[in-house]
Each structure stands twice: as structure tokens, then as C-alpha cells.
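This is what each chain is made of:
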Amino acid sequence: MPIDVNAALTAEPTVREAAWTERDVLLYHLGLGAGADSLDPAELGWVYEKKLKVVPTFAMVAGQGISAGNVTPVGMNLPGIDIDLRKILHGGQSLTVHAPIPASGTATISSRVSDVWDKGKAAVIVLEQSAHAADGSPLWTSAMQIWARGEGGFGGESGPEAAGSAPERDADTVLVSRTGSAQALVYRLSADMNPLHADPEFAKMAGFDRPILHGLASYGVVCKAVVDGVLEGDPARMKSFSVRFAGSLYPGETIETSVWRDGDTLTLLATCPERDGQPVLTHATMEVR
């Protein structure tokens, strides 16, 4: 059986040591499109090491970039999981930040399969990661939902219903983020070197007109937009951020993020106006301070 649910859920966590520098953070921010106006003091705070701030979604790539020496794509090697990588999609992502991420630092990151859900025609594998500082204090916890097409129907639990649907009223705020034509080429240097984001021929074989922007890049772009536009530029005010990936985005296109606020909960919907409002991120919620 391609997915041995019991083996996946009972396996010991894998543990790795991660380290990053200010240069890794600066490169990550450039991959999100930060610094487009280099004379804007708010933008300079993301791309200049003096009083450097860190977008919380940097957690998704910490310890995987240039400083780590990674230059090749990392495959999915999980206990009890033996499936064709061409069948998988990054379906959703969540991040809870327990403490501000330092501009340079180290962490011990533990990874495990926390759930396997049966969606009938697909299985959803939930890969949880937790990061701790050298003194043992928690830094962040993340959960990646991996859709494995054709691997469902094994009689397991279907998992929870998606939360965070957009309210039926006008958004309180609409944020506009324009991506650059070379943005995927910059972002891939922070972690994911998949040729889908650089090679036009490979992208066409995968069914796209041209290379697409990474889903986690869109995730970071929206996070930064909310920090800038709603949280007064203070990344420490973000507690958690959860999304479903709904569609691809080509570098050079725009992400338009609608924000509805209800106390300390933000509901978000990210769309692409160049393609008649096609969703990019849905069922998105952010808990803030």
C-alpha cells in the first residue's frame, strides 16, 4: 500500500538543526518583492540589515537557503509514505509563531506526520514541524497539507472542514501586491529549486504556460502585505496564519488581498485581478495581537 497510515503516524519525528543569517532573511524578503521602492523607509526595514525585521513566514524556509548550501530540490521522504511525487500538491499551510523570529539564529526543527485524511479520490498528508531555540523555548509550529491524488479511499477520517470563508460583506481593507517578472527566480534561492519555477519547457510539460510563482511565495507576499497594511509594519503582532492554496500565479501578476476584521481575527481572500479575480489563497485566517 503506497500509504501505510499506521507507520506514518507512529514513526519517530525526524530532527534537524537549522541556522540562518541576515543575508538569508534579506534574500527571502527580496523574493517576496520587498524593496521595490528602496527609498520607502517601511520597505527599507525589510531589505536593509540596519534594524532588520523578519516576515514571520520566513519560518517556512529557515535553514534551507544559501547559507545551508542547498542547490537541488528536496524530495518528500516520509515514513510510511511511498507515492509518486507527480501526484502531490501543496494544498494548505498553517504557521503559529510563538516568539519573534530573529534576523539570524539557530533552531532545532522536529518533523512528523500528524494526520492522514481520506478525501476519497485523494489522501491528505499533514506534515507538522516544530522549531525550538537553543534554550528549548518554542519558536514556531507549522503544518503543511499535502494532497496526494489517487491515494484516497482507504477508509480513514476525512479531516475537518475548511474554516475562514470570506464574509458576505465588503472587505474592511484591500491590499495590492505587485509581483515582479523575476520574482520566482529570486524566491527559489531561499529554498525550493524546483524547475517548475524557472524552466519554461518544464513548466509547459506540467501544464502551465510558463514558470509559476511558488505557493509559499504567495503565502509570504500576503503575510507581508497584511503586516504592512494592517499591523502597522510590526511582524510581532502576527500570531498565526492559515491558508488553502487555490490557484497558481505567474510572476509579474498582482495579488489583491481582501481583509475582513473581527477583533483579533482576520479573514483573508487573495485573488489575481489580471485573471478576473481568480483565487490564489482561500479559507485564510490570521490571528493577531
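Residues numbered from 1 in each chain as written. Predicted model: local features only at pLDDT ≥ 70, side-chain atom pairs only at ≥ 80, totals over all residues. Heavy atoms only, no water.

Asker: Would you mind showing me how to read the overall build of the protein chain here?
Answerer: Along the backbone of the protein chain there are 6 helices and 10 strands. A principal-axis box enclosing the C-alpha atoms of the protein chain has dimensions of 55 × 45 × 45 Å. Counting only residues that meet the buried cut, the protein chain has 43% of its 289 residues in that class. Taking as baseline every contact in the protein chain between residues at least 6 positions apart, the subset at least 24 positions apart corresponds to 71%. Surface summary for the protein chain: the accessible area is close to 14,000 Å², and the carbon and sulfur share equals 51%. Averaging the locations of the 23 positively and 35 negatively charged side chains of the protein chain gives two centres separated by 2 Å. (Helix = DSSP H or I, 4+ residues; strand = E, 2+ residues; numbered from the N terminus. Buried < 20%, exposed > 50% of the residue type's maximum accessible area, 1.4 Å probe, protein only. Contact = heavy atoms within 4.5 Å. Areas by Shrake-Rupley, 256 points an atom, 1.4 Å probe, with all protein chains shown as cover. Lys, Arg positive; Asp, Glu negative; His and termini not counted. Charge placed at Lys NZ, Arg CZ, Asp CG, Glu CD.)

Asker: Please clarify how the layout of surface pockets should be interpreted in this entry.
Answerer: Regions of empty space are outlined by a rolling probe, equal in size to a water molecule, passed over the atoms. One number sums up the size of the second largest pocket: a volume of about 290 Å³. Residue lining of the second largest pocket: 19 residues in total, with Gly 33, Glu 43, Val 176, Ser 177 and Lys 224 positioned closest to the centre. Looking at the lining of the second largest pocket, the elements that each hand over two or more residues are β6 (173-178) and α6 (215-229). For the lining of the second largest pocket, the element with the highest residue contribution is α6, accounting for 5 residues. Residue composition of the lining of the second largest pocket, grouped by class: 7 nonpolar, 6 polar and 6 charged. (1 Å grid on protein atoms, 1.4 Å probe; cavity = no way out; pocket = protein on both sides within 12 Å on 5 of 7 lines; lining within 4 Å. Points joined across faces, edges and corners; volume = space filled by probe spheres on them. Nonpolar A, V, L, I, M, F, W, Y, C, P; charged D, E, K, R; others polar.)

Asker: So what exactly am I meant to see when it comes to empty space enclosed by the protein here?
Answerer: Scanning the model with the defined rule gives 1 cavity of 30 Å³ or more in all. Estimates place the volume of the largest cavity at around 50 Å³. Around the largest cavity, the lining residues are Asp 24, Phe 58, Val 61, Gly 63, Gln 64, Gly 65, Ile 66 and Ser 190. The residue makeup of the lining of the largest cavity, split by class, is 3 nonpolar, 4 polar and 1 charged.

Asker: Teacher, can you tell me more about α6 here?
Answerer: Along an α-helix, residues three or four apart share an orientation, since each turn contains 3.6 residues. An ideal rise of 1.5 Å per residue puts 21 Å on 15 residues; α6 measures up with 21 Å between its terminal C-alpha atoms. Where burial is concerned, most of α6 is hidden: 12 out of the 15 residues are buried. Every buried residue of α6 is accounted for by Leu 216, Ala 217, Ser 218, Tyr 219, Gly 220, Val 221, Val 222, Cys 223, Lys 224, Ala 225, Val 226 and Val 227. (Expected span 1.5 Å × (residues − 1).)

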